[in-house]
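So the chains spell out like this:
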Amino acid sequence: MVMRSRLARSVAIAAAAMLGLGACSSSGGASGGGKSLTVWWYEQAGNAEDLGWKDALTAFEKAHPGVKVHFERKVWQQIQDAGAMILNSDKAPDVLEYNKGNATAGAVASKGLLTDLTTVASTRGWDKVAGSALTVGTYDSRGIMGPGKVYGIPSYGEYVSFYYNKDLFAKYGVSVPTTFDQLVGVLGAFKAKGVTPLAMSAGDYPAVHLLWGIALAKATHDWLNGYFGLKGKLDSSANSPLTAAAQTIADWTAKGYIDNKSSGLKADDAWSLFESGKAPITFAGTWMVPDFTTKAKTFKWGSFLMPGSGISEGSGGNIWVVPSASHNKELAYDFIGLTMDKTRQNEIANAGGVALAADTAAVTDPVGKMVNATFHQLVASKGLGLYPDWPVPNFYNVIQQNLQTLVGGNQKPDQFMGQLKSAYDQYQSSAG
Amino acid sequence: MTITAARPQSARRVPSLTRAARQGYVRYLIPGGAGFLALILVPFGMNVAISFTSWSGIGSPHFVGLKNYRRLVHDDLFWSAFEHSIWFIIAMAVVPTALGLFLAAVLFDYVAPRFGRRTASFLRGGFYLPQVLPITVAGIAWSWILNPYGAVNSVLKDFGVSDPPNWLGDSNWALPSVMLVLVWMQIGYGLVIFMAGMARIDPQLHEAAELDGAAWFTRFRNVTVPQTRPEIFVVLLTTTIAALKVFAPVFVLTRGGPGDATNVPSFYSYTNFFGSLQVGYGSAVATVLTLIVIVLAVIFVRVQSRSEGV
């Protein structure tokens, strides 16, 4: 009898210990009643968005003295891998920066884990601020980006373009290209002098951007709507902009414009080739601008868009979402509103970031002026061509790894397109 | 020359405990049992259940029966991932065990007697260091070393190799390169265990063999290897299992690429789970992997028990 009661006690202690563990790990989630606001984002401390949003938090605290604010900095990869599980639990915050795209925000929106922000976006005027950049937060009932309901609000923008070394362009007597043929001419001119023109990495994401940048230079809006809307199987014919881009990458590698060894290089290797002045041109997102500003000190640099159709790779930035489980939605809207107002938009632009709606007159930072002007031009001309991996979950990895094989010389463009087609078509037939 | 390996006499039989005494021990098993239940058994059961469904990780799963398993049978990526596992067994179990055993013997009865125990310990520590280093740190360091313009290639260039390999960026070189890194990581593990095992061998056996005129390698083959058999079994078993479920080195070095050149089952399961949101299929891959690991472990333990006559 004694034995049995001891046994029972041990079981009880073990069970209590386990419950205790569970209880500990459940702290930090959103709790209700309009008395607290839990905010997560994953922008790096000190970058333009982070500075603007930190200021928005300060303004929020001032405007809501009775509300306790909990802020946690996350990592992009964390939300990419575990975002759905977090939103599906009771530990979701009240508002968080979420990864745009069908496989991420689209997937959770279609499962009802995100609050429909369509009405609040129009009553608070966020749709006007974001303009066509709002696409990244708009999903249909299948979770596919495009016409549908607004589930996410971008408060900054981004685009990918060429960055070039002005000193090397002058030294080799080369001028900034305005057509695709001229671009090829520039690359050839550098190669003829023994300089590998492009700082590139095919072991990481930069080559994926270059592929899509070239495809967009040859694409039409119709073709893009079909591609992103999963309206049919992947067009891998010779006329497909994507096929042409794969062929171009293979040609440029064969001619030495892209180093075939770049299949073993990481993104940082490519950036340092540009920043050290070894390679005259690179193709990078606006998020690299602060890095170039601080590290490319020995020469003057500038940027130009991919010449061609006028469509460039880019979009609204990652989006604010409000989990369905949030008990403090009004407070969350107040915070989002602060990140969208003129003060914060100008702050982001002046820190060298791409704001959605900064006052041109209020932006004094030269880099901020340059990137904001270009972004506005792209928004106004409907020239934001989004990113290639958005239609299909895991498509980024498929493109990246096959591009690595293509640049490494172990694959031909038609084999490359075959790999992409099989992943795209498999998902298209299940979701389309 | 015949040497009969002295088999340790099995200890005198301990009389079996009374029922009450046995029950007294039960409560000590509770923490471990609860942990096993909560962290292994329940999640594994859930994993098996999910593998019979189609699920994106959110919302409710749909029961699809054996569909995921049927797909798995015809999935080239899955089978190529298993083929890579066999290469990883060579890199993580076979080569490190063979090399580790040899190096342990060199350290134990060549280096230690001639250069002192401290030198042997220092070298043993050196070989074991990769086991202590966090895999991410080691992986990042290796990706610098194996960078097309990294340390290895600049040395090769100095030796006149005009076009050294693109180690991790070329589909033909990536798998051998990752294997090389894994051999480096694993050698120390077996070596330390083998050295401990060698300390257990009765010195008389070596003396007798030496008196019979056996050279070092003959003694290694006929005394050291047979005497360290239990250790060899343990090392082979644990490293084979580690090789089958290898994830971190692949994740850090190549993420399965270029293409699918270094893809392995656990990484494939991960990409299905978190990348393409095919949680049901990812679970099926994980379930098959677990079953293979269990079957292999049972076979190993059986073979070992039989050879020890237990």
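Once a new chain begins, its residue numbering starts again from 1 and follows that chain's sequence as written. The naming scheme follows written order: chains are lettered A onward, ligands numbered 1 onward. Local features in this predicted model are restricted to residues of pLDDT 70 or higher, and side-chain atom pairs are both shown and tallied only at a pLDDT of 80 or more, whereas totals for entire chains, interfaces and linings draw on every residue. To get the side-chain values, all heavy atoms of the structure are used, and hydrogens and water are removed first.

### Regarding the overall build of chain B
Definition in use: Numbered from the N terminus, helices here are DSSP runs of H or I no shorter than four residues, and strands are runs of E no shorter than two. Each residue gets one of three labels from its accessible area relative to the maximum for its type: buried under 20%, exposed over 50%, partly exposed in between, using a 1.4 Å probe on protein chains only. Throughout, a contact is declared for two residues whenever any of their heavy atoms are within 4.5 Å. Note on areas: these come from Shrake-Rupley sampling with a 1.4 Å probe, and a residue is covered only by the protein chains present in the view. The charged-residue count follows a simple rule in which Lys and Arg add positive charge and Asp and Glu add negative charge, with His and chain termini not counted at all. Charge positions are represented by NZ for Lys, CZ for Arg, CG for Asp and CD for Glu.
Counting its secondary structure elements, chain B contains 13 helices and 2 strands. Projected onto its principal axes, the C-alpha coordinates of chain B cover approximately 75 × 70 × 30 Å. Expressed as a percentage of the 310 residues in chain B, the buried residues total 43%. In chain B, once contacts between residues fewer than 6 apart in sequence are set aside, the share between residues at least 24 apart is 69%. Accessible surface for chain B amounts to roughly 17,200 Å². Of this, 67% is attributable to carbon and sulfur atoms. In chain B, 22 side chains carry a positive charge and 14 a negative one; their mean positions are 16 Å apart.

### Topic: the sheet that holds strand β2 (residues 68-73) of chain A
Residue and element names in this part refer to chain A. Note the following rule: Any two strands with at least two DSSP-identified bridges between them are counted as paired. Fitted lines through C-alpha atoms serve as axes, helices being fitted only where they are in contact, and the angles separating the N-to-C directions of these axes extend from 0 to 180 degrees.
The strand order across the open sheet built from 5 strands is β2-β1-β3-β12-β6, with neighbouring strands paired in mixed fashion. In this open sheet, the two edge strands, each paired with only one partner strand, are β2 and β6 (153-154). Here strand β1 (residues 36-41) pairs with β2 via 6 bridges, running parallel. When the sheet's bridge partners are listed, Val39 is paired in β2 with Phe71. Across the sheet, helix α3 (residues 76-87) lies against β1 and β3 (95-98), angled at about 145° from β3, the strand it touches most.

### Points about the interface of chain A and chain B
Convention followed: The quantity reported as buried area is the accessible area (1.4 Å probe) lost by two parts once they are put together, taken as the sum for both. Think of a salt bridge as a Lys or Arg side-chain nitrogen and an Asp or Glu carboxyl oxygen that are within 4 Å of each other. N or O atoms within 3.5 Å of each other form a polar contact, as long as, within protein, one can give a hydrogen and the other can take it, and as long as residues adjacent in sequence are counted only when both atoms are side-chain atoms.
Listed as interface residues are 35 residues of chain A and, on the opposing side, 37 residues of chain B. Taking both sides of the interface into account, the surface hidden between chain A and chain B amounts to around 2,700 Å²; carbon and sulfur atoms contribute 55%. There are 1 salt bridge connecting chain A and chain B. Put simply, chain A and chain B have 11 residue pairs in polar contact (both at pLDDT 80 or more) between them.

### Brief notes about the nonpolar core
All names here are of chain A. Condition: Residues grouped as a nonpolar core are buried Ala, Val, Leu, Ile, Met, Phe, Trp, Tyr and Cys residues, joined through side-chain atoms within 4.5 Å.
Of all hydrophobic cores here, the largest spans 83 residues; its most connected members are Leu210, Leu242 and Trp252. If sequence neighbours within four positions are ignored, Trp252 has contacts with Phe180, Leu183, Val184, Leu187, Leu198, Leu210, Ile214, Tyr257 and Ile258. Judged by nonpolar contacts, the second largest core, of 58 residues, contains Ala133, Leu134, Ala267 and Met340.

### Description of the side chain of Asn165 of chain A
Residue and element names in this part refer to chain A. You can see Asn165 is positioned in strand β7 (residues 157-165). For Asn165, a relative accessible area of 2% corresponds to the buried category. A polar atom in the side chain of Asn165 sits 3.0 Å from the backbone nitrogen of Asp167. Residue contacts for Asn165: discarding those within four places in its chain leaves Phe274, Gly277, Pro280, Phe299 and Lys300.

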